[in-house]
Amino acid sequence: MLFIIILCFGCNKYKYTINYYDRENLINILKDNKYYLEKNIDKYLSYSILNNNIDNIVREVNVGLYRDYYININETDTSLDNIVLVNKYNCLKSDYIPDDLEEISNLYNLGQHNMLRKEAKNMFEIMANDALNDNIKLFNISAFRNYNYQEYIYNYNIMHKGFELTEKYVARAGCSEHQSGLSLDINSVNNSFKDTNEYKWLINNSYKYGFILRYPKEKERITGFSFEPWHFRYVGKEVALIIKDENITFDEYYAYYINN
Ligand SMILES: [Zn+2]
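All values reported here derive from a predicted model rather than from experimental measurement.

## A few points about the pattern of salt bridges
Next, step 1: Enumeration over the complete set of coordinates arrives at 15 salt bridges.
Next, step 2: With a closest N to O distance of 2.9 Å, R221 and E60 form a salt bridge. Taken as a pair, R221 in helix α8 (residues 220-223) and E60 in helix α3 (residues 54-63) lie far apart in primary sequence, 161 residues in all.
Next, step 3: For R221, a relative accessible area of 44% translates into the label partly exposed.
Next, step 4: Look at the salt bridges and you will find they share partners, linking E102, K118, K121 and E125 into a network.

Below is the structure:
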């Protein structure tokens, strides 16, 4: 019996009927996708049995979603400077501490965990200073966190909020971007932050300083985390611009441009 699946290419107007036994046809469509990676062809094909949207197949396989989170974890390549990847598949060693951490100026800090790597720290201060010209006040509330502190936060949340909610918002120790010294939470870890002028300013301007919103709305499946309007990540100006222009997550950027 033929197995027919309807594909929608990100748009309801155009629907294609693909016979999945026509392997060659499927391969050609996959190859036309901007983010197609030759090394993943077999995985795209097996994943296509579970998924009927080409964009999703390519995106999800590229970032590793064909397997469960926190399974077969890779060690993060920390030699990659500003573009180290820390997520639910790529984690840091428990003793990893960046060697160029510096304290954020008190002018732009309200948190006890006030250290970022040198370049990220400098750019955050420049950004926060420029923002003042638009009457926008930006403060760090939590930047670098070491392994033990992240473990404490994770366990605390598990105890008070339960496993499911914790997994959506809090990374397990070693797998938190905060340990990279390149991430910080700005102003408030409350969802209402998304309705503030500060958030809007960050969305419109942070890329100019090399920062990206790391866990955007509607990208939860890709990043593995719920929308966090407060969590920004330093990647450098060039990379931030690509991520903004292509409307992709850092995980997708890394899979396609770095780990290809
Ligand atoms: Zn955060």
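## Side note on the pairing of strand β8 (residues 183-186)
Next, step 1: Along β8, one buried face is formed by S183 and D185 and the opposite face, lined by L184 and I186, is buried too.
Next, step 2: In the sheet, strand β7 (residues 140-142) pairs with β8 via two bridges, with the strands oriented antiparallel. Bridged to S142 within β8 is D185.
Next, step 3: The pairing of β8 with strand β10 (residues 231-234) spans three bridges and is classified as antiparallel. Bridge pairing in β10 places L184 opposite F232.

## Some points on the packing of helix α1 (residues 23-32) against α3
Next, step 1: At a minimum axis distance of 10 Å, the contact between α1 and α3 shows a crossing angle of 70°. In terms of orientation, α1 and α3 fall into the roughly perpendicular class. The segment α1 lies against α3, with L26, I29 and L30 engaging I54, I57 and V58.
Next, step 2: Broken down by class, the residue content of the contact of α1 with α3 amounts to six nonpolar, no polar and no charged.

## Overview of the domain arrangement of the protein chain
Next, step 1: The domain boundaries assigned to the protein chain delineate domain 1 (4-63) and domain 2 (74-258).
Next, step 2: Between the C-alpha centres of domain 1 and domain 2 the distance comes to 31 Å.
Next, step 3: Facing nine residues of domain 1, the contacting portion of domain 2 comprises 10 residues.
Next, step 4: Of the roughly 890 Å² buried at the junction of domain 1 and domain 2 (both faces included), carbon and sulfur atoms supply 59%.
Next, step 5: Our count for the domain 1 to domain 2 interface comes out at three salt bridges.
Next, step 6: One can count five residue pairs in polar contact (both at pLDDT 80 or more) joining domain 1 with domain 2.
Next, step 7: Looking at which element gives the most residues to the side of domain 1 that touches domain 2, the answer is α3, with four residues.
Next, step 8: Within the side of domain 1 that touches domain 2, the residues separate by chemical class into five nonpolar, one polar and three charged.

## So, the nonpolar core
Generally speaking, soluble globular proteins have nonpolar side chains that are buried together.
Next, step 1: Grouped together as the largest cluster of nonpolar side chains are 30 residues, with contacts concentrated most on L30, I41, Y44, I54, I243, F250 and Y253.
Next, step 2: Secondary-structure elements contributing two or more residues to this core are α1, α2 (41-47), α3, α9 (237-246) and α10 (250-258).
Next, step 3: The biggest single contributor to this core is α3, with five residues.
Next, step 4: Taken domain by domain, the makeup of this core includes at least three residues from each of domain 1 (4-63) and domain 2 (74-258).
Next, step 5: Non-local contacts of F250, meaning those with residues more than four positions away in its chain, are made with I83, V84, L85, I212, R214, R233, V235 and I243.
Next, step 6: In terms of nonpolar packing, the next biggest core, distinct from the first, is built from 27 residues, V84, I104, L138 and F227 among them.

About the thresholds
- Residues numbered from 1 in each chain as written.
- Predicted model: local features only at pLDDT ≥ 70, side-chain atom pairs only at ≥ 80, totals over all residues.
- Heavy atoms only, no water.
- Salt bridge = Lys/Arg side-chain N within 4 Å of Asp/Glu carboxyl O.
- Helix = DSSP H or I, 4+ residues; strand = E, 2+ residues; numbered from the N terminus.
- Buried < 20%, exposed > 50% of the residue type's maximum accessible area, 1.4 Å probe, protein only.
- Pairing = 2+ DSSP bridges.
- Axes fitted to C-alpha atoms, helices over the stretch in contact; angles between N-to-C directions.
- Parallel < 35°, antiparallel > 145°, perpendicular 65-115°, else oblique.
- Contact = heavy atoms within 4.5 Å.
- Nonpolar A, V, L, I, M, F, W, Y, C, P; charged D, E, K, R; others polar.
- Domains from an automatic or database assignment.
- Buried area = accessible area lost by both parts, 1.4 Å probe.
- Polar contact = N/O pair within 3.5 Å; in protein donor to acceptor, adjacent residues only side chain to side chain.
- Core = buried A, V, L, I, M, F, W, Y, C linked by side-chain atoms within 4.5 Å.

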